[in-house]
Amino acid sequence: MTHRIRPRTRLLSLTLRSPMQERPVTLQRAHSTTGTQTEPAEVSALCCGCSQKDVQQQTHDRTANRSESSSRSRRHKHRQHRFPFQKLPVDCKLKVFSFLDTMGKGVAASVCAEWHQLIRTPRLWSHIDFTVIPLCSVRTVGHNCSRECYMAYIYRAKALMKFLSGIRPVVRQLCFEYDIGEVADGWLPALERMLQHTNCKEMKSARLNWKETPVRPFWIENVAWSVNEYSELAHKHRHRQRLFLNFFDGFTFRTPNITHLALPFDWSPRSVKCMGRLHNLRTLILEKYFVFQYLSQGLLDELLRRATKLDKLVLEVWAPSGRGFNLYSLISPSIKYLDISQCRGIYLKDVDLPKMTTFKVTRHPWNGPLVSADSIYIPCLYQVLVKGAPRLQQLNELKLESSWQQVPTPVLQTVLKAVCSCRQHKSGWAMY
């Protein structure tokens, strides 16, 4: 029996990595007569008849394809796990919208019908700030503001007031800067209508700049040069103040729980009486309205007497001064922070502020006739504070030492020479 002997063949054992595996590619030749191993890239090149450079390029392409595929897979999974805003509960959507300012809410209301309806929720409008509304809604290169821009601004602001009157929100904060004396602009009727149709009982903070409209372009104003036009301007100034009396009367009646208030103040008896309705005031900032306005000591005492919870008081009064000027007293059992650094012609003869810890004061130029310092007596500020402010810890930016009442330090003396108008600390012949 004849057996056919098959020729011995070399067996080639290949172990290739699949594209989805992480083990390195190995390609080994078995039953090699030389007993040597060939590198994977070289063997691949020999098997497919490609050069070494082509193999490297193919390897790079496969790696790039796998990376792109993995990236697409991750993005797909991320889209699957992303929770769309439309599926959020209404309360969550309102919480997100509550972080937007006035302009942001206006933009959100124009996105879709659902958002427009959500923006009409009254509780989103508890903080109203008209000062963030820009004069020009769209600015382009080379754009110059014109009267049409200001008229469009008035339209947008009044549209917001009308919108608020319609939804009747509970207002907790209000801020505006509008000249209520400009009859043509119509700010006063629009503001009064808005306050009548909103709930202001819970209002806590208000910034009421009723004497000017800062965004109003200056070239719209008519510059007064003649005597007649100047008299008309003074009459307009007085007329604005009378309008403020009626507005402030209604405002204090509607906001009995307000705690922070800032506004220009006219220091009329009626205004001080209206201010007395605000028994919960904590912070009061009174800016000047009239220049060189006489301030009655009685009105100042009445205001401080009614504000029993007042912690912080900032005054800006420009009182006329001269040989017949008045020295003032400040009495309050609750004030902790007092700032009269913007006042002119206000000099203290005594204070009774047992809780005051911070006091800010500045010496301004004399508001009156040029007189000699020897002809006017002004008490020393240091002696006034020693007697009436036992808990004082800070004078302007200087932190006082615990023994400042016994012996003033050299640093304190330097500060007093800059702010005190007494004969000891004020040098020079002219009084200011």
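This section reports on the structure supplied with the text. These numbers come from a predicted model, not from an experiment. (Residues numbered from 1 in each chain as written. Predicted model: local features only at pLDDT ≥ 70, side-chain atom pairs only at ≥ 80, totals over all residues. Heavy atoms only, no water.)

**Structural notes on the packing of aromatic side chains**
Right, so step 1: Enumeration according to the criterion identifies 17 aromatic pairs in this entry.
Right, so step 2: Taking 5.3 Å as the distance between ring centres and 70° as the angle between the ring planes, the aromatic pair formed by Trp125 and Phe163 counts as edge-to-face. Taken together, the residues Trp125 in the loop between α5 (113-119) and β3 (127-129) and Phe163 in helix α6 (residues 147-167) connect sequence positions 38 residues apart. Take Trp125 and Phe163: they sit in the same class, and that class is buried.
Right, so step 3: Centroid distance Phe265 to Trp267: 5.1 Å. Interplanar angle 85°. Geometry classified as edge-to-face. An identical accessibility class is assigned to Phe265 and Trp267; each is buried.
Right, so step 4: The structure contains a cluster of three or more aromatic residues connected by ring pairs, namely Phe130, Tyr150, Tyr153, Phe176, Tyr178, Trp187, Phe247 and Phe251.
Right, so step 5: The lysine or arginine in question, Lys105, covers the ring of Trp125, its NZ or CZ lying 4.8 Å from the ring centre.
Right, so step 6: Here the guanidinium or amino end of Arg238 rests over the ring plane of Phe290, the centre of that ring lying 4.5 Å away. (Phe/Tyr/Trp six-rings, centres within 6.5 Å; stacked < 30°, edge-to-face > 60°. Helix = DSSP H or I, 4+ residues; strand = E, 2+ residues; numbered from the N terminus. Buried < 20%, exposed > 50% of the residue type's maximum accessible area, 1.4 Å probe, protein only. Lys NZ or Arg CZ within 6 Å of the ring centre and 35° of its normal.)

**A word on the nonpolar core**
Right, so step 1: Among the nonpolar cores identified, the biggest contains 99 residues, and Phe130, Leu174, Phe251, Leu261, Trp267, Met275 and Phe359 are the most heavily contacted of them.
Right, so step 2: By residue number, the principal contributor to this core is α6, which donates 10 residues.
Right, so step 3: For Phe130, the residues in contact, after removing those within four places along its chain, are Tyr153, Ala157, Leu160, Met161, Leu164, Leu174, Cys175, Phe176, Tyr178 and Met194. (Core = buried A, V, L, I, M, F, W, Y, C linked by side-chain atoms within 4.5 Å. Contact = heavy atoms within 4.5 Å.)

**Observations regarding the pairing of strand β5 (residues 205-209)**
Right, so step 1: By the bridge criterion, five bridges tie strand β4 (residues 173-177) to β5 in an arrangement that is parallel. Opposite Glu177, over in β5, you have Asn209 as the bridge partner.
Right, so step 2: Following the chain from β4 across helix α7 (residues 187-196) to the adjacent parallel β5, one finds a crossover that is right-handed. (Pairing = 2+ DSSP bridges. Right-handed = clockwise from strand over helix to strand, strands pointing away.)

**Here we look at helix α3 (residues 90-97)**
Right, so step 1: All of the buried residues in α3 are Lys93, Leu94 and Phe97. Across the axial projection of α3, the buried residues extend over an arc of 100°, all falling on one side. Turned more than 90 degrees away from the buried face of α3, the exposed residues are Asp91 and Lys95. (Arc of directions from axis to C-beta.)

**So, unusual backbone geometry**
Right, so step 1: A positive phi angle is found at Phe292, which is not glycine, with a value near 60°.
Right, so step 2: Tracing the sequence through the fold places Phe292 in the loop between β7 (283-288) and α10 (297-306).
Right, so step 3: With phi around 55°, Asn396 is a residue other than glycine that occupies positive phi space.
Right, so step 4: Relative accessible area serves as the criterion here: at 18%, Asn396 is assigned to the buried category.

**Re the sheet that holds strand β10 (residues 337-339)**
Through backbone hydrogen bonds, the strands of a sheet pair up, either in parallel or in antiparallel fashion.
Right, so step 1: Across the sheet, 10 strands lie side by side as β3-β4-β5-β6-β7-β8-β10-β12-β13-β14; this open sheet has mixed pairing. Only two strands of the sheet have a single neighbouring strand rather than two, namely β3 and β14 (398-399).

**Concerning empty space enclosed by the protein**
Right, so step 1: Tallied over the full model, the rule gives three cavities of 30 Å³ or more.
Right, so step 2: As for the largest cavity, its lining consists of 19 residues, and the residues nearest its centre are Ile346, Tyr347, Val361, Val419 and Ser421.
Right, so step 3: Partitioning the lining of the largest cavity into residue classes produces 13 nonpolar, four polar and two charged.
Right, so step 4: Taken as a whole, the second largest cavity holds about 60 Å³ of empty space.
Right, so step 5: For the second largest cavity, the full set of lining residues is Leu295, Leu300, Leu315, Val317, Tyr328, Leu330, Ile340, Cys343, Ile346 and Leu348.
Right, so step 6: Residue classes in the lining of the second largest cavity are distributed as 10 nonpolar, no polar and no charged. (1 Å grid on protein atoms, 1.4 Å probe; cavity = no way out; pocket = protein on both sides within 12 Å on 5 of 7 lines; lining within 4 Å. Points joined across faces, edges and corners; volume = space filled by probe spheres on them. Nonpolar A, V, L, I, M, F, W, Y, C, P; charged D, E, K, R; others polar.)

**Regarding the pattern of salt bridges**
Right, so step 1: Scanning the model with the defined rule gives 11 salt bridges in all.
Right, so step 2: Asp179 is the partner of Arg240 in a salt bridge, and the nearest nitrogen-oxygen pair spans 2.6 Å. With Arg240 in helix α8 (residues 227-254) and Asp179 in the loop between β4 and α7, the pair connects residues that are 61 residues apart, well separated along the chain.
Right, so step 3: Given a relative accessible area of 8%, Arg240 falls into the buried group.
Right, so step 4: The partner of Glu287 in a salt bridge is Arg207, with the nearest N and O atoms 3.1 Å apart. Of the two residues, Glu287 sits in strand β7 while Arg207 sits in strand β5, which places them 80 residues apart along the sequence.
Right, so step 5: Overall, Arg207 belongs to the partly exposed group, its relative accessible area being 23%. (Salt bridge = Lys/Arg side-chain N within 4 Å of Asp/Glu carboxyl O.)

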